[in-house]
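A structural walkthrough
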Amino acid sequence: MRIPLPSTQALACFEAAARHESYTRAAQELNLTQGAVSRQVIALEGQLGVQLFRRTRHGVALTDAGRQYARQVTRWLLALRQGTLDVMALSGAGGGISLAAVPTFATRWLLPRLPLLAREHPDITVHVDVRTRPFLFADTTYDAALLAATPAQIAQWPGVQAQWLLHEDIVPVCSPALLGRAARRGIGRAWQPVSPQAVAQLPLLQQSTRPQGWQEWFEAAGVQAPHALQGPRYELFSMLAAAASQGLGVALIPPLLIEDELARGALVVACARPLRQARGYYLVWPDPAPHGALARFAQWLARTAAGDAPIRA
């Protein structure tokens with residue numbers, strides 16, 4: 001027997017009422033009357049044969065079944081809205097890609113290169129949201145993810161395929177003024193990197209998500225650094241870059257994320273000793289293999305990461 005599907009109007013009323021746990025606030029959001037929202041929810045409960053809300057002294061509250069159903073309905077409506085917008089935006093041509101990405105890599109590396117994608121594939125539109133950790137694609141509407149991860153983390157991510165893009169090599173960088181405190185520059189000469197021992201004497205900026213970063217760098221350089229764990233902590237590479245540009249300290253940052261600052265001279269390499277991290281940058285998508293717009297985007301991204309498509313003015 002075919003099970004009739006609930007109407008989108010009933011699902012929209014239920015989702016809003018579930019989110020607010022209030023028929024009144026749901027009605028205000030949807031520009032309906034409270035009675036209309038209530039009738040839609042009652043009709044939905046009748047169709048499902050399940051009570052979704054229970055009455056309380058202050059209004060309504062979700063039942064256990066209602067809470068579980070609300071999570072599913074929220075995903076369904078989000079997917080329906082995004083799919084509708086994709087079709088409307090492209091008028092049925094090309095394809096839209098919903099991409100989850102780590103913020104600094106997306107802002108500093110991907111977005112400056114998207115004009116190249118537009119020239120080669122003008123029919124592909126990339127929508128970017130911020131995600132910093134692996135997730136279940138089944139719980140989202142994302143087509144792919146662009147994340148920094150270790151090979152072990154990628155291997156433990158169920159039901160996905162991954163395409164390696166770039167290594168993450170970090171190097172100490174700071175403002176020219178701060179570097180001047182560690183080494184004097186001759187007239188007319190460019191800034192010269194200093195020794196790891198000199199870096200150990202400068203204020204260090206820490207990344208909160210990688211608290212052992214400076215310890216690992218100094219150990220690789222064979223330098224004793226008793227203050228390796230000290231210094232202000234920032235969560236994102238973009239925050240570290242801003243703090244380092246202001247002369248607050250030396251930061252360990254992948255050069256590929258600070259191309260603009262290095263080109264402008266806002267940041268300089270303090271010590272030419274890069275350290276390769278276990279993490280790399282990957283494009284990840286759910287099984288099976290990508291097709292259509294996503295397949296073309298993955299191919300373009302791999303070529304761009306390999307340096308086959310440098311940035312041009």
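Some thoughts on the pairing of strand β2 (residues 59–62)
Pairing analysis gives four bridges linking strand β1 (residues 53–56) to β2, with the strands arranged antiparallel. Within the sheet, the bridge partner assigned to Arg54 lies in β2 and is Ala61. Linking two consecutive strands that pair antiparallel, namely β1 and β2, is a turn of two residues.

A look at the layout of surface pockets
Each pocket or cavity is described by its volume, and for the largest pocket that value is around 410 Å³. If you trace the largest pocket, you find 21 residues lining it, with Val102, Thr132, Thr209, Arg210 and Arg279 closest to the centre. Looking at the lining of the largest pocket, the elements with two or more residues in it are α5 (103–120), β5 (144–149) and β11 (275–286). Here the second largest pocket defines a volume of roughly 220 Å³. Looking at the second largest pocket, the residues that line it are Ile3, Pro4, Leu5, Pro6, Thr8, Leu11, Gln47, Leu48, Tyr69, Trp76, Leu77 and Leu80.

Examining the environment of Glu168
In this structure, Glu168 sits in strand β6 (residues 160–174). Sequence separation between Glu168 and Val223 is 55 residues, and the spatial gap between their C-alpha atoms is 22 Å. With sequence-adjacent residues up to four places away left out, Glu168 is seen in contact with Arg210, Phe237, Pro254, Leu275, Arg276, Gln277, Arg279, Gly280 and Tyr281. At 2.7 Å, the side chain of Glu168 forms a polar contact with the side chain of Tyr281.

Criteria and thresholds
- Residues numbered from 1 in each chain as written.
- Predicted model: local features only at pLDDT ≥ 70, side-chain atom pairs only at ≥ 80, totals over all residues.
- Heavy atoms only, no water.
- Pairing = 2+ DSSP bridges.
- Helix = DSSP H or I, 4+ residues; strand = E, 2+ residues; numbered from the N terminus.
- 1 Å grid on protein atoms, 1.4 Å probe; cavity = no way out; pocket = protein on both sides within 12 Å on 5 of 7 lines; lining within 4 Å.
- Points joined across faces, edges and corners; volume = space filled by probe spheres on them.
- Contact = heavy atoms within 4.5 Å.
- Polar contact = N/O pair within 3.5 Å; in protein donor to acceptor, adjacent residues only side chain to side chain.

Everything listed is a geometric property; what it means functionally is a separate question.
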